[in-house]
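Architecture and fold: a report
Chain by chain, the residues run as shown.
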Amino acid sequence: MKKSNPDRLTPATGVLLASLVLPGLAALTAIAPSHAVAETAPEKTTLAIKYGSYSDSQPGMDRVSVKAPLIYIQAPMAGNWSVEGSWVGDSVSGATPMLHSNKTMGGLGGASRMSDYRKAADVKVTRYFARSAVSASLAYSDEHDYTSRALGLDARWSSEDNNRTWTLGYGASLDKIDSNYSGNSIATDQHKHTREIMGGVTQVLTPTDIAQFNLTRSVGNGYFDDPYKFVDHRPGQRNNWIALVRWNHHVEKFDASVHSSYRYYTDTFGVKSHTLGLEWAQPKGQWTLTPGARYYTQSAANFYVAAALDPSGQYDPTASALAVISALGANGVASGDQRLSAFGAVTLSMKVSYALKPDTVVDLKYERYRQTSGLRLGGAGSVGIDPFNATFMQVGLTHRF
């Protein structure tokens, strides 16, 4: 395999996604792109500064806007050790998720205006051995109504020829939800506890191909409701399986790389999803252009209550609200949250990077996300849901010294 180009300097961090729940906010992972992990201690300190801007909308309504500066640093320590950490501050404003797509339901579950600021940080310490590494991490995220604390342990070890690497990891988080600060006393001192274990293997297949497979099991207990909806009650347990396959191929003719991925997700809510991703990384002198595309599709949760339509096929807000209330009374769990509906989504992206020096890279990334019921794989998705659009932009500077 050829050496990675300078655009691969930016490190990975999971803190940013700790409490983001809107489908489009997955675009914010672009602030912290992944990179290959070597089983040797870094020789230089890496400093990355990123700034991300996210906004989404539905017809007739601008919903959520996020401004997110991020700072990351990784430094070698005592020869065989490294320490890394990140900090992000999210300024969030806009509207809470609606009942289905209705903007006029008010207390029955329509969108309400909100403004919040979230601060998050994590720290990770790694010890490197001859062909292995062990890491421990802590993370903290806090906003007005949601506080998350998490820890992680992981180990990686390679075969003697370094063509195969196994990974085993464990993570746990404890979240506190308290909406009482805004006068909404539905969720007062509620908690959610999640534990997960992940195993994986990365294999060099040929001089130009490398593949990875990860399997994750997550078990969650506690409060999963949306306290800002008048009628929204979900099961107190959510367990899931996630299978992830990645394949990277170097195209020698163009001195480019193709990055492809497939992710399968299933949980006890009844949601099943598929995600396909493809990127083409094309270096050209000091420049690197990386266009990409991602397709996502999911089924509805078992307790999701579809929107009701009037005789003309238009959304009926009163009948929809009554349907959710009726299902809640009959089954004890029910939600009209559009995030639990059946839909599909397409994301198109372009990243441009420029190496000012071998150890200094600036980059700009743009993503456009489109979500509709009609994009669902295998047939139409849930009815009565307006299209959902999101835009993400990121600018960054990464330097090694």
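These remarks concern the structure in this document. (Residues numbered from 1 in each chain as written. Predicted model: local features only at pLDDT ≥ 70, side-chain atom pairs only at ≥ 80, totals over all residues. Heavy atoms only, no water.)

Considerations on the side chain of N239
- Inspection of the secondary structure puts N239 in strand β10 (residues 237-251).
- For N239, a relative accessible area of 9% translates into the label buried.
- In this structure the side chain of N239 is engaged in a polar contact, spanning 3.3 Å, whose partner is the backbone nitrogen of G220.
- Every residue in contact with N239, bar those within four places of it in the chain, is listed here: R217, S218, V219, G220, T266, D267 and T268. (Helix = DSSP H or I, 4+ residues; strand = E, 2+ residues; numbered from the N terminus. Buried < 20%, exposed > 50% of the residue type's maximum accessible area, 1.4 Å probe, protein only. Polar contact = N/O pair within 3.5 Å; in protein donor to acceptor, adjacent residues only side chain to side chain. Contact = heavy atoms within 4.5 Å.)

A closer look at the pattern of salt bridges
- Scanning the entire structure with this criterion turns up 15 salt bridges.
- As a salt-bridge pair, D226 and R339 come within 3.1 Å of each other at their nearest N and O atoms. Of this pair, D226 sits in the loop between β9 (209-222) and β10 while R339 sits in the loop between α1 (317-331) and β14 (343-357); the two residues are 113 residues apart in sequence, bridging distant segments of the chain.
- The residue R339 makes a salt bridge to D337 at a minimum N-O spacing of 2.4 Å. (Salt bridge = Lys/Arg side-chain N within 4 Å of Asp/Glu carboxyl O.)

Remarks on the nonpolar core
- Within the largest apolar cluster, 16 residues are counted, with the highest numbers of intra-cluster contacts made by Y54, V64, V66, V88, Y369, F388 and A390.
- Listed by contribution, the elements that provide at least two residues to this core are β1 (46-58), β2 (61-77), β3 (81-95), β14 and β16 (388-400).
- The next biggest cluster of nonpolar side chains, apart from the first, holds ten residues, and it includes F269, V271, Y304 and I385. (Core = buried A, V, L, I, M, F, W, Y, C linked by side-chain atoms within 4.5 Å.)

A short note on the pairing of strand β5 (residues 132-143)
- Here β5 runs beside strand β6 (residues 146-158); their pairing, made up of twelve bridges, is antiparallel. Note that in β6 the partner of S141 across the bridge is S148. (Pairing = 2+ DSSP bridges.)

Describing the environment of G152
- Mapping G152 onto the fold places it in strand β6.
- For G152, a relative accessible area of 12% gives the class buried.
- Considered as a pair, G152 and I197 are 45 residues apart in the sequence and their alpha carbons are 9.7 Å apart.
- Once residues lying within four places of it in the same chain are set aside, the contact partners of G152 are S135, A136, S137, Y170 and G171.

In short, geometric facts, not functional conclusions.
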